Structures are given as structure tokens and as C-alpha cells.
Amino acid sequence: MNVVRKVITGRPGVVIILTTAFLTSVYIADWNRAIPRSSGLSGIYEILKGFSQPDFSQEFLIVAVQATWTTITFGTSAIFLALVIAIPVSFLASGTLFRSFVVRITSVSVVRMFLALVRSIHELIWAWILAILFGFSPMSGVLALAIPYGAILARVFADFLNDVPQPPLRALQSSGASNIQTLLYGRFPSAYKDMLSYGFYRFECCLRSAAVLSFIGLQGIGYQIEVSMQDLQFGQVWVLIYFLIALIVSVDWWGSKLRRSLAE
Amino acid sequence: MTLAYRMSNVSFELGDTKIIQNVSLSVDSGERVAILGASGAGKTTLLRLLAAQIKPSAGDVFLHNENTRNLNSGAELSEYVGVINQQYDLIQELSVRNNVLAGNLGRWNIWRSILTLLSSIDSDISASALERVGLSDKTHQRLSRLSGGEQQRVAVARLIVQDPLIIIADEPVASLDPTRAFEIMSLLENITSPSNKTLIAALHSYDLTTQFFERVIGLKSGKVSFDMRVDHLTKVDLEKLYSVHPTD
């Protein structure tokens, strides 16, 4: 039994599972359907033509700026809400608040299982579920991002809090610190840079998702791309993609600048 | 004279390895004891048993007549024992001030701890402790900006704020040059001797042992090899203690 368990949970197990999954997918996939449509080539030609003739007209630029701004506010409120959820939940999922072994194990397993459940549902599916509940409103959109992102952040933050070096924490405890004081004076300060760094990476992902999810009652970049696509205005599509790229690159730049200033 | 420690036939095992074997000793309150021994002799484990951070596998450790099995880490224990280690003992991301004030955590409730973290309350406490260790000008710096010797002074300042009856020091000067090492040992003597606190430290240096301690315990393979007054310690005793082959 032990050998079986070792193979399943160890490295060979992972290699076997991934290889089997890949080979099965190669066998199952219907390669005949992967032949490009005859209209596909002319479609690519149209898209590339748009690339060389982006629509920088003033009225469309106003539309693009507005759409980008909507996506920014949408993504920012979602990540903010996700952080508000994630930080306290990560304290529970790390199990560091409780001294009693039984309470700690219960808190860790219940909270982590719940987080896994929330995480396993993609934001698009959350969007559908929430749209049924609240209609196609900005609130549905923000919640559809904040809920799964909050769960991902909480899980990763909990790992950061657990992985903090132990000797300084032991020293705090020998100064009389309770578990919650150790968290506030030791674990959180030691982990917050990693948390911030990962939070920024997730902010990028959130803005990308916000752009895509903007069909839920929001006139963001994704919505405008869809409109321009339907009108076959590929010059406009490219302008919107440039705005999206600029947005992600600036968040990345901002994040690394902030990290550097904290490291000094 | 009250006893700081009484250990009777204490052993500590980790799996099948006996790290501490049948150690019995007592330490008077206010005594300064150096513990010597090669790496792996069990010094750190012995000190962690004394600091009540771990409980013995067999036997009992009495700390001011309290069995350490009944003492849980936290506020109560911090009144008895303060610990200083080789390094990696402080929180690098916090300011010097907050690291020093952490010595008060055993007395503070959660709201007070948060208030101190977020405001400049109690700065007079940290300032006077830092003055005693000669770091008055570093109060608001982030700890990671300080050198190794300065960081160890901050750890001493935290002990000053904590003000325990016993100070357990696990190789407190191992990573410092001789001058810094002497300074830190002087500070530890300054905060223990006048107030009759007990100081128990693991060391490797003959000179520091004879300068700052009155009693020396040699530990070899988890057993007490010798236990004597420092004036009786000879370099031959040390050579025996650190030799690989059993000579006694």
C-alpha cells in the first residue's frame, strides 16, 4: 500500500498522470476538424490590414479611453474587494491563529476546502451565476472577479504566512507574544512583500479578466472589442488592444517600482 | 538563595536519537552559567528545555519551582525567561523601535499591540532601552539596515523591555568579531548582574567564558562532561570536551 501511495503522491505519480493525460488528449482530439476554413485566410488578411491602419480618429480615441477607464475601475474595485476578503481568510487558512491542534487542523482543512471549491469555478461561470442573481449589472461583474480572486489570493497568502522563517517567530513567542500577536508582529510583516508582489501580479490578471468580462453590463475594453469586431472594424480592434497592452504594462511597471522602493 | 532551575534525570529524544541523556543539575537564581560543547553536543536542545520551548521526553525541568510541563509559552513564561539567539532573531521588516517594543507583547492585549504598531506610543520605553545598548540614533530605521552587531544589540534591548528573571543565550556572539562579541557579552552582563538575573549562555570561547561567567558546564554527546567553577577550568578540559575521540 505504501508503495502505491508513494507512486501516486510522489514525483513519478505526477509524471505518469500528466503523460497519460497528454497521450489520451492526442488520441481523442478530432484532428480532421482542425483544417482552417477557406474564409479564415481572408479573415486573417482583414485583421492584419487593420493592424496597419489603426483607427486613431479623435472620436474613437474618446471611446477607447472611456472603455479603458471603465475596465480600470472595474478591475481595481474587484481586486480591492478580493484583498479585503483574502487577508482575513488567509489568517484562518494558515491556521496560525489557533494554539489548539484540533481547532487549527479543523480551521485549516475547512477553510482550504472551501477556498478550493470557490477557486475551481472560473470567473466566467461566476459571472453567469451572479448575472442570474443580480442581473447584468456592474455589481455582478465586480463580484464575479472578486470572489474567485479572493479565494486564490487567500490560499497563496496563507502559504506565504506559513512559510515565514520560524526562529524569529519563536523569539517573539518567548517575549510573550500570543498567536495573534505573532501574526501581527512576525508573520505578516515578514510575508507582506511577497503578498504585495503576488497581489500585483493578480491585479494584472484581474484587469485582463475585467476587459473580457465587460459584457456584463459594463462598457469596458472587451465590450468595445466585441462591437468593433461585429462591425468588422479591425482598425478599431487594434487600437483597443494597444490600450489593453499599455494598461497591463503600466501596472507591471508600477508594481515593480513599488516593490523596489519597499526593498530599499 | 532560591533556585532558578532544577533538572532531575532529564532526557530528550528525537525519534531514536537521544539528544540529551539523564542530565541533572540545578542553577541558583542570579548565577551566570556558561555551557560549552562541540556542535551537536546538545547545547541548543538543553537551552530550549531550560527556556521551556520544548518539554523533556523523561524527567522534569523545574523553573523557579514550576514544572515546565505546566508552563505554556506566552505571557506567563515570558515573565520568567527571555531568549537571545545567534541571529535571525528579529523581524527584519519592522522598525528597530517595534522590534524593541515586542518585548512588551506578554503584557499587552491585542488592541494595545496594534496601537503600538500603528502609532508612536511608548517611544520613550524603546528609547531608553536603545540608549542602554548604545543605539539611540537608530530608533526609526528599518532593522534590515543594521549590521549584525547592531541587530544583536536590538535583541538585547528587547530583553531589557521584556525584563525576565532568567536570560537564556544560545551562542549570542557566534557570528560577531571579537570586539563586537565582547561588547554584546558586556551588555548581557550589565542587564543581568546588577538586578541579580540568571544568565545561561552557550558559547565556544574560553576567553569570554572566563571573563563573564562564574560557572561552566561542559556538554558532550548529550551528557554533562564537567560542571565546575570557572576558575578551575583549564584549556585541557576544553580540548577533551571538543576532541572527537572519547578521552575520558
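Relevant structure appears above.
Because the structure is predicted, anything quoted here is derived from the model rather than measured.

1. A few points about the overall build of chain B
So, point 1. Regarding its fold elements, chain B presents nine helices and 10 strands.
So, point 2. Here the C-alpha atoms of chain B give a radius of gyration of 18 Å, agreeing with the 18 Å that 2.2 N^0.38 yields for 248 residues.
So, point 3. Each principal axis of the C-alpha distribution contributes one length, and for chain B these read about 60 × 40 × 35 Å.
So, point 4. Relative to its full complement of 248 residues, chain B shows a buried share of 52%.

2. Regarding the sheet that holds strand 1 (residues 3–14) of chain B
Note on sheets: strands pair through backbone hydrogen bonds, and any given pair is parallel or antiparallel.
Residues and elements named next belong to chain B.
So, point 1. Spatially, 2-1-4-5 is the arrangement adopted by the four strands of the open sheet, whose pairing is antiparallel. If you trace the sheet from one side to the other, it starts and ends with strand 2 (17–28) and strand 5 (66–67), each paired once.
So, point 2. Sheet topology places strand 4 (residues 58–63) next to strand 5; two bridges connect them, and they run antiparallel. Note that in strand 5 the partner of Phe62 across the bridge is Asn67.
So, point 3. Across the sheet, helix 1 (residues 43–50) lies against strand 1, strand 2 and strand 4, angled at about 125° from strand 1, the strand it touches most.

3. What about helix 1 of chain B?
Three or four residues apart is the spacing at which side chains of an α-helix point the same way, because the helix has 3.6 residues per turn.
All names here are of chain B.
So, point 1. Taken across its eight residues, helix 1 has six buried, putting it largely inside the fold.
So, point 2. Along helix 1, the residues classified as buried are Lys43, Thr45, Leu46, Leu47, Leu49 and Leu50.
So, point 3. Downstream of helix 1 by a residue or two, Ala52 has a phi angle that is positive, lying close to 60°.

4. A closer look at the side chain of Asn98 of chain B
So, point 1. Residue position: Asn98 of chain B is located in helix 3 (residues 96–101).
So, point 2. Asn98 of chain B sits in the buried class, given a relative accessible area of 7%.
So, point 3. Of the polar contacts made by the side chain of Asn98 of chain B, one reaches the side chain of Arg97 of chain B; its length is 3.3 Å.
So, point 4. Look past the residues within four positions of Asn98 of chain B in its chain and what remains in contact with it is Tyr185 of chain A together with Thr116 and Leu117 of chain B.

5. Topic: the packing of aromatic side chains
So, point 1. Across all of its chains, the model carries eight aromatic pairs over all chains by this definition.
So, point 2. Look at Tyr198 of chain A and Tyr201 of chain A: their rings are 6.0 Å apart centre to centre, the planes differ by 50°, and that puts the pair in the tilted class. Taken as a pair, Tyr198 of chain A and Tyr201 of chain A lie in helix 9 (residues 179–212) at a separation of three residues, close to a single helical turn.
So, point 3. Residues Phe182 of chain B and Phe212 of chain B carry aromatic rings whose centres are separated by 5.4 Å and whose planes lie at 55° to one another, so their mutual orientation is tilted. Pair noted here: Phe182 of chain B is in helix 7 (residues 178–192) and Phe212 of chain B is in helix 8 (residues 206–212), with a separation of 30 residues, a long-range link.
So, point 4. Judged by its relative accessible area of 39%, Phe182 of chain B falls in the partly exposed class.
So, point 5. Ring-pair connections join several aromatic residues into one group, and the members of that group are Phe51, Trp238 and Tyr242 of chain A.
So, point 6. Positioned above the aromatic ring of Tyr149 of chain A is the side chain of Arg202 of chain A, whose terminal nitrogen or guanidinium carbon lies 5.4 Å from the ring centre.
So, point 7. Its guanidinium or amino end placed over the ring of Phe62 of chain B, Arg6 of chain B lies 4.5 Å from that ring's centre, counting from NZ or CZ.

6. Comments concerning the interface of chain B and chain A
So, point 1. In this assembly, 30 residues from chain B lie in contact with 23 residues from chain A.
So, point 2. The largest share of the area that chain B buries against chain A comes from Ile91, Glu93 and Leu105 of chain B, three residues that together contribute 26% of it.
So, point 3. In this assembly, chain B and chain A are joined by one salt bridge.
So, point 4. With a shortest N-O distance of 3.5 Å, Glu93 of chain B and Lys193 of chain A are connected by a salt bridge.
So, point 5. Our count for the chain B to chain A interface comes out at seven residue pairs in polar contact (both at pLDDT 80 or more).
So, point 6. Broken down by secondary-structure element, the contributors of at least two residues to the side of chain B that touches chain A are helix 2 (75–80), strand 6 (81–84), helix 4 (110–118) and helix 6 (148–162) of chain B.
So, point 7. In terms of residue count, helix 4 of chain B provides more of the side of chain B that touches chain A than any other element does, five residues in total.
So, point 8. Along the lines of polarity and charge, the residues of the side of chain B that touches chain A split into 13 nonpolar, 11 polar and six charged.

7. A closer look at the pattern of salt bridges
Residues and elements named next belong to chain A.
So, point 1. Tallied over the full model, the rule gives 14 salt bridges over all chains.
So, point 2. Residues Arg112 and Asp159 are paired through a salt bridge, measuring 3.0 Å at the closest nitrogen-oxygen approach. Placement of Arg112 in helix 5 (residues 101–119) and of Asp159 in helix 7 (residues 138–162) is noted, with a sequence separation of 47 residues between them.
So, point 3. Here Asp159 ties to Arg155 by a salt bridge, and the two come within 3.2 Å at their closest N and O atoms. Here Arg155 and Asp159 lie together in helix 7, a separation of four residues that amounts to about one turn.
So, point 4. Take Asp159: its relative accessible area is 24%, and that puts it in the partly exposed class.

8. Focus on the packing of helix 5 (residues 123–132) of chain B against helix 6 of chain B
Residues and elements named next belong to chain B.
So, point 1. Close contact between helix 5 and helix 6 brings their axes to 9 Å; oriented N to C, the two are set at 125°. With respect to helix 6, the axis of helix 5 lies oblique. For the element pair helix 5 and helix 6, the recorded crossing hand is right-handed. Along the contact surface, helix 5 presents Ile125, Ala129, Leu130 and Arg132, while helix 6 presents Ala157, Ile160 and Val161.
So, point 2. Considered class by class, the residues forming the contact of helix 5 with helix 6 number six nonpolar, no polar and one charged.

9. Looking at the sheet that holds strand 10 (residues 223–229) of chain B
All names here are of chain B.
So, point 1. Strand order in this open sheet of six strands is 6-7-8-3-9-10, and the pairing throughout is mixed. Where the open sheet ends on each side, the last strands, each with one partner, are strand 6 and strand 10. Adjacent strand axes in the sheet meet at a mean angle of 15°, parallel and antiparallel pairs treated alike.

10. Side note on unusual backbone geometry
Residue and element names in this part refer to chain B.
So, point 1. The phi dihedral of His64 is positive, around 45°, even though this residue is not glycine.
So, point 2. Within the secondary structure layout, His64 lies in the loop between strand 4 and strand 5.
So, point 3. The backbone phi angle of Asp122 is positive, close to 65°, even though this residue is not glycine.
So, point 4. By the element assignment, Asp122 lies in the loop between helix 4 and helix 5.

What counts, and at which threshold
Residues numbered from 1 in each chain as written. Chains lettered and ligands numbered in written order. Predicted model: local features only at pLDDT ≥ 70, side-chain atom pairs only at ≥ 80, totals over all residues. Heavy atoms only, no water. Helix = DSSP H or I, 4+ residues; strand = E, 2+ residues; numbered from the N terminus. Rg over C-alpha atoms; globule rule 2.2 N^0.38 Å. Buried < 20%, exposed > 50% of the residue type's maximum accessible area, 1.4 Å probe, protein only. Pairing = 2+ DSSP bridges. Contact = heavy atoms within 4.5 Å. Axes fitted to C-alpha atoms, helices over the stretch in contact; angles between N-to-C directions. Polar contact = N/O pair within 3.5 Å; in protein donor to acceptor, adjacent residues only side chain to side chain. Phe/Tyr/Trp six-rings, centres within 6.5 Å; stacked < 30°, edge-to-face > 60°. Lys NZ or Arg CZ within 6 Å of the ring centre and 35° of its normal. Buried area = accessible area lost by both parts, 1.4 Å probe. Salt bridge = Lys/Arg side-chain N within 4 Å of Asp/Glu carboxyl O. Nonpolar A, V, L, I, M, F, W, Y, C, P; charged D, E, K, R; others polar. Parallel < 35°, antiparallel > 145°, perpendicular 65-115°, else oblique. Left-handed = near helix turned anticlockwise from the far one by under 90°.

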